[in-house]
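# Chains, contacts and geometry: an overview
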Amino acid sequence: MTESMPTMSARASATRAVILRAAFDSFAERGFAASSLREIAQRAGITHTGLRHYFKGKDELLRALIERQDTETERRGSPEPDDRTSGPDALVALLHRAADEWRRSPEFALLRTESAVAASRPDHPSHDYFSNRYRRVRERLRNDFLECAEVGTLREGVDPERAAALWLAVQDGLMVQWLLDPEFDIKGPIEEFVRALFAEPAATQAQDGPAYSSRQDPVHDRSSVSPHDVASAGGGESAETSRSQRPESWGRGPTDDQAVRRATIQDVARKAGVSPSAVSKVLRDAYGVSPQMRARVSSAIEELGYRPNAGARGMRGRSYTVGVTLTAISSPFQPELVEGLTGKFGTTPFQPIIVNAGSDPGLQRRSIEALLDRQVDGLVLISPFMDPEWLEDLGKRVPTVVVARHGGSTSYDTVVDDEDEGTRLMVEHLVDLGHERIVHIGQSSWGLERPFVVSNTLRSDGYMQAMRRLDLEPDVIVTSHTEQGGYEAAVEALARPTPPTAIFAGADIAALGVLRAAEERGLRVPEDLTVVGYDNIYMSTIGRISLTTIDQSAQTTGADSARLLLERLAGRVEPVHHVISPRLVVRGTSAPPPERDRT
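By convention here, each chain's residues receive numbers from 1 onward along its written sequence. The predicted nature of this model means local features are confined to residues of pLDDT at least 70 and side-chain atom pairs, given and counted, to a pLDDT of 80 or more, with totals for whole chains, interfaces and linings taken over all residues. No hydrogens and no water enter the side-chain calculation; it runs on all heavy atoms of the structure.

### So, the overall build of the protein chain
Put simply, DSSP marks the helices as runs of H or I at least four residues long and the strands as runs of E at least two long, and each gets a number from the N terminus on. The number of helices and strands found in the protein chain is 25 helices and twelve strands. Residue exposure (1.4 Å probe, protein chains only): buried if accessible area is under 20% of the type maximum, exposed if over 50%, otherwise partly exposed. A burial count over the protein chain gives 48% of its 599 residues as buried. When the accessible surface of the protein chain is totalled, it reaches about 29700 Å², and 51% of it is carbon and sulfur. In these tables, accessible area is a Shrake-Rupley quantity obtained with a 1.4 Å probe, and a residue counts as shielded only by the protein chains included in the view.

So this is what it looks like as structure tokens:
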């Protein structure tokens, strides 16, 4: 009698489960390297050939074990702080639960029986699986810590970011000790450490006196300590003495009575009549929040002026901020691009942080690192000039979208204009009008080598190719794509014995400088000189300018960049290379050359 497909599927699933259980036991008892497929097959009660029908090797078995662990964890969901407790009680319970999950994991069984040094080697068969899994375990521990730090009340002066970093360092040490000694009581140190960070109940503090001095705590937020305090502490001088020697211009700062108390998540919960964990769910846009609860919590947040601790949210895994770097805020195209980008983010919880990083690769790199230090969730980099290897490594560490830089990537997304098509459209338009002496205003490649170059380099390449295809001689003046750069290039070109009849600026902002130079020489545009650009910035549309240009839609470019980054933040890992199709926009600055210059 033939079995039905559902029955066969159920039997196969049951067999896989038995094999995985046998593999787990073997790895736990003998270690990954010492275990063999034949031994695992014997434990599972099937033949070696039967096992290989389901799993080709030990690596595949280990991967399946870890995927099953992740699936179970995801199905259970991240535990919420107990509504009846807060602060240390909730955190201790969550961390105990995390420790128990880690003890049951296949990675722990593997490491417990095998040298941790061997498992940390890149050439070890389980290295990638272990590394990725343990990073997720640490992320979960960090999330739990900061979730409860927000629900509970940390001691005065304790900075959540510094506390979480110290907690992870302590946790790493405890894990190592636990691996060496499976009987080690990890939960005792967890509880002791956690309770040291949280404030005692108010009644206890009032009765016994202050239980904590911020100057004595190893994770005290030192952002309020003056340079003089730091120097004095280094020389052995007391903090009180150093304070007395502060210049009056530094100010004394507000007293406790003068300080404005910041609303907490507990205040919002009381105001809305819900638990602190319910407020946390609303803030995280978590599943299972009713519209009524969301409305009550949102109303309470607005009334109290509550703002989540951005640093704590960043350490917990999401800061809901994205970094955006510009190379020149004075370039009209880039702010218009940012307008499209921010418009796309405006309907999401993410807030862009915009930095004018300049055109120096060193400054750009420091700006990006400063954004990473502020725990941004992702990056949009406009025309970055760093070397390709550095950008590739960056894309592996944080979701990244690179705009206006060609060459593609295996770790980040790119959004570029089809520069070849755009320059072809413009050169053919000028030649169709009758122009042959066409000067192009280009810009330095900033030391980048093809194919990893920014847009202006490929625009110059595209112009030269288009001219040669039409049997015309290219003529490029390299300057900067600024108004002044365009002016200087035009002055040089128009001073020649045989000046050009058309100037094609690689950016609209440079074309504006060409218009200034033409006006100073008494040339009429377009009767005496045709001037065209590239970008279609808003200024080009103004009637008095009415610049013929190539439109690559800055706002569309920005919106597409934001869309790709949101996809990355949602979990997509495959790189996307998005190309914007340009179009020719003919306005009032292009016309046939003067009669005397026509051939």
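Right, picking up where we left off after that structure.
### Here we look at the environment of V514
Assignment of secondary structure puts V514 in helix 24 (residues 508-520). In this structure V514 comes out as buried when scored by relative accessible area, which is 0%. In this structure the C-alpha to C-alpha distance between V514 and V491, which are 23 residues apart in sequence, comes to 8.0 Å. Every residue pair with non-hydrogen atoms within 4.5 Å of one another is taken to be in contact. The contacts of V514, once residues within four sequence positions are left out, are I441, G486, Y487, A490, I503 and V531.

### Thoughts on unusual backbone geometry
Look at the link from V525 to P526: it is a cis peptide, with omega at 15 degrees. If you trace the backbone, P526 turns up in the loop between helix 24 and strand 9 (530-532). Positive phi, normally seen in glycine, also occurs at S546, with a value near 45 degrees. Relative to the assigned elements, S546 resides in the loop between strand 9 and strand 10 (549-551). One non-glycine residue with positive phi stands out, namely S553, at about 50 degrees. If you trace the backbone, S553 turns up in the loop between strand 10 and helix 25 (554-569). Look at S553 and you get partly exposed, because its relative accessible area is 24%.

### Brief notes about the side chain of Q364
Take Q364: it is sitting in helix 19 (residues 361-373). Only 2.7 Å separates the side chain of Q364 from the backbone nitrogen of F385, close enough to count as a polar contact. In protein, a polar contact means a hydrogen-donor-capable atom and an acceptor-capable atom, both N or O and within 3.5 Å, with residues adjacent in sequence counting only if both atoms are side-chain atoms; elsewhere, any N or O pair within 3.5 Å suffices.

### Brief notes about the sheet that holds strand 5 (residues 413-417)
Sheet architecture is open: six strands sit in the order 2-1-3-4-5-11, paired in parallel fashion. The open sheet is flanked by strand 2 (351-356) and strand 11 (577-580), the only strands paired with a single partner. Across this sheet, the average inter-strand angle for adjacent strands is 15 degrees, counted without regard to direction. We treat two strands as partners when DSSP finds at least two bridges between them. Of the strand pairs in this sheet, strand 5 and strand 11 are connected by four bridges, and their pairing is parallel. Paired with T414 across the strands is H577, a residue of strand 11. Working convention: axes come from line fits to C-alpha atoms, limited for helices to the stretch in contact. Angles between N-to-C directions cover 0 to 180 degrees.

### Here's the deal with the environment of E419
Assignment of secondary structure puts E419 in helix 21 (residues 419-433). In sequence terms E419 and T457 are 38 residues apart; their C-alpha atoms lie 9.2 Å from each other. At a separation of 3.2 Å, a polar atom in the side chain of E419 contacts the side chain of H406.

### Here we look at helix 2 (residues 37-44)
When helix 2 is considered as a whole, its buried residues turn out to be L37, E39, I40, A41 and A44. In the segment just after helix 2, G45 is the residue with positive phi, at about 75 degrees.

### Section: the sheet that holds strand 7 (residues 476-479)
Reading across the sheet, the four strands line up as 7-6-8-9 and stay open at both edges, with parallel pairing between neighbours. Each end of this open sheet is capped by a strand with a single partner; those strands are strand 7 and strand 9. Strand-to-strand, the axes of this sheet are offset by a mean angle of 20 degrees, without reference to chain direction. For strand 6 (residues 438-443) and strand 7, the ladder comprises four bridges, and the chain directions are parallel. Along strand 7, the bridge assignment pairs G442 with V478. Against the sheet, helix 22 (residues 455-469) makes contact with strand 6, strand 7 and strand 8 (502-505), and its axis sits at roughly 160 degrees relative to strand 6, the strand it touches most. With respect to the sheet, helix 23 (residues 483-494) is in contact with strand 6, strand 7 and strand 8, its orientation differing from that of strand 7 by roughly 145 degrees.

### Considering the environment of L372
Mapped onto the fold, L372 is located in helix 19. Spatially, the C-alpha atoms of L372 and V398 are 8.6 Å apart, while their sequence positions differ by 26 residues.

### Quick word on the packing of aromatic side chains
Two aromatic rings, drawn from Phe, Tyr or Trp (for Trp, its six-membered ring), form a pair once their centres lie within 6.5 Å of each other, and the interplanar angle then sorts them: stacked below 30 degrees, edge-to-face above 60, tilted otherwise. If you walk through the whole model with that rule in mind, you get two aromatic pairs. Ring centres of Y320 and F350 lie 5.3 Å apart, and the angle between their planes is 45 degrees; on these two criteria the pair is classed as tilted. Placement of Y320 in the loop between helix 17 (310-315) and strand 1 (321-326) and of F350 in the loop between helix 18 (333-345) and strand 2 is noted, with a sequence separation of 30 residues between them. For the pair formed by Y320 and F350, the shared burial category is buried. Judged by centre distance (6.5 Å) and plane angle (70 degrees), the ring pair of Y463 and F504 falls under edge-to-face. In this pair, Y463 sits in helix 22 while F504 sits in strand 8, placing the two residues 41 residues apart along the sequence. Note on accessibility: Y463 and F504 belong to one class, buried. In this analysis the charged atom, NZ for Lys or CZ for Arg, is taken to sit over a ring once it is within 6 Å of the ring centre and within 35 degrees of the ring normal. Sitting above the plane of the Y487 ring, R516 keeps its charged end 3.9 Å from the centroid.

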